[in-house]
Amino acid sequence: MSVDAATTIVPHLPWIIGGGLALGAAGIFGWVHTTRLRIQHGYPLDGAWGQALKPSTDNEAKQRVALLTQENAELRAELGSVKDRLINVERIVTDSGYGLGNEIEQLRERALENRKDEGNA
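Parameters at a glance
Residues numbered from 1 in each chain as written. Predicted model: local features only at pLDDT ≥ 70, side-chain atom pairs only at ≥ 80, totals over all residues. Heavy atoms only, no water. Helix = DSSP H or I, 4+ residues; strand = E, 2+ residues; numbered from the N terminus. Buried < 20%, exposed > 50% of the residue type's maximum accessible area, 1.4 Å probe, protein only. Areas by Shrake-Rupley, 256 points an atom, 1.4 Å probe, with all protein chains shown as cover. Salt bridge = Lys/Arg side-chain N within 4 Å of Asp/Glu carboxyl O. Patch = residues over 30% accessible without salt bridge, like charges linked within 9 Å, V, L, I, M, F, W, Y side chains within 5 Å. Lys, Arg positive; Asp, Glu negative; His and termini not counted. Charge placed at Lys NZ, Arg CZ, Asp CG, Glu CD. Expected span 1.5 Å × (residues − 1).

K.L.:
Residues and numbers for the overall build of the protein, please.
P.N.:
Scanning the protein from N- to C-terminus turns up four helices and two strands. Here the protein holds 121 residues, and 2% of them are scored as buried. If you sum the accessible surface of the protein, you get close to 10800 Å²; carbon and sulfur atoms cover 62% of it.

K.L.:
Pulling in residues and values, what's your account of the pattern of salt bridges?
P.N.:
All chains considered together, the criterion is met by two salt bridges. Put simply, E105 and R108 hold a salt bridge, and the shortest N to O gap is 3.2 Å. Linking E105 with R108, this pair stays in helix 4 (residues 97-118), spanning three residues, or about one helical turn.

K.L.:
How would you summarise a negative patch on the surface if you had to cite specific residues and measurements?
P.N.:
Together, E109, E113, D117 and E118 give the surface a local cluster of negative charge. Mapped onto the elements, E113 comes out in helix 4.

K.L.:
Lay out helix 2 (residues 13-41) with the relevant residues and their values.
P.N.:
Over its 29 residues, helix 2 runs 42 Å from end to end, which matches the ideal 42 Å to within 8%, given 1.5 Å per residue. Looking one or two residues past helix 2, G42 carries a phi angle of roughly 80°, positive in sign.

K.L.:
Let's hear about a nonpolar patch on the surface: which residues, and what values?
P.N.:
Residues I9, L13, I16, I17 and L21 make up a contiguous nonpolar surface patch of about 470 Å² in total accessible area. With four residues, helix 2 is the single largest residue contributor to the nonpolar patch. By relative accessible area, L13 is classed as partly exposed at 38%.

Here it is as structure tokens:
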């Protein structure tokens, strides 16, 4: 290194060192922030070699999958009943008044016949 190169670098040395420290601090802050977000949103944490640390894949994960599977089945059953009810509502809305009136009258007649058979009418 010549004397001219040393004299041109030395005045900028504090900026070079400060920039390196700032870059390192930004990298560390980014790593901490990313880890915090993973923890906050429930994503698994990875070790130095990519192995999963949390949540562990033992009973905790199995229980979580079982609960989610059960909840999924319940929601699918509820969705099926909602679809059936929606079909009835669509039929009522789109059916002509005459056909709907006939169905209602038939139901009333059946109910009245059932009451007569029981002796309540």
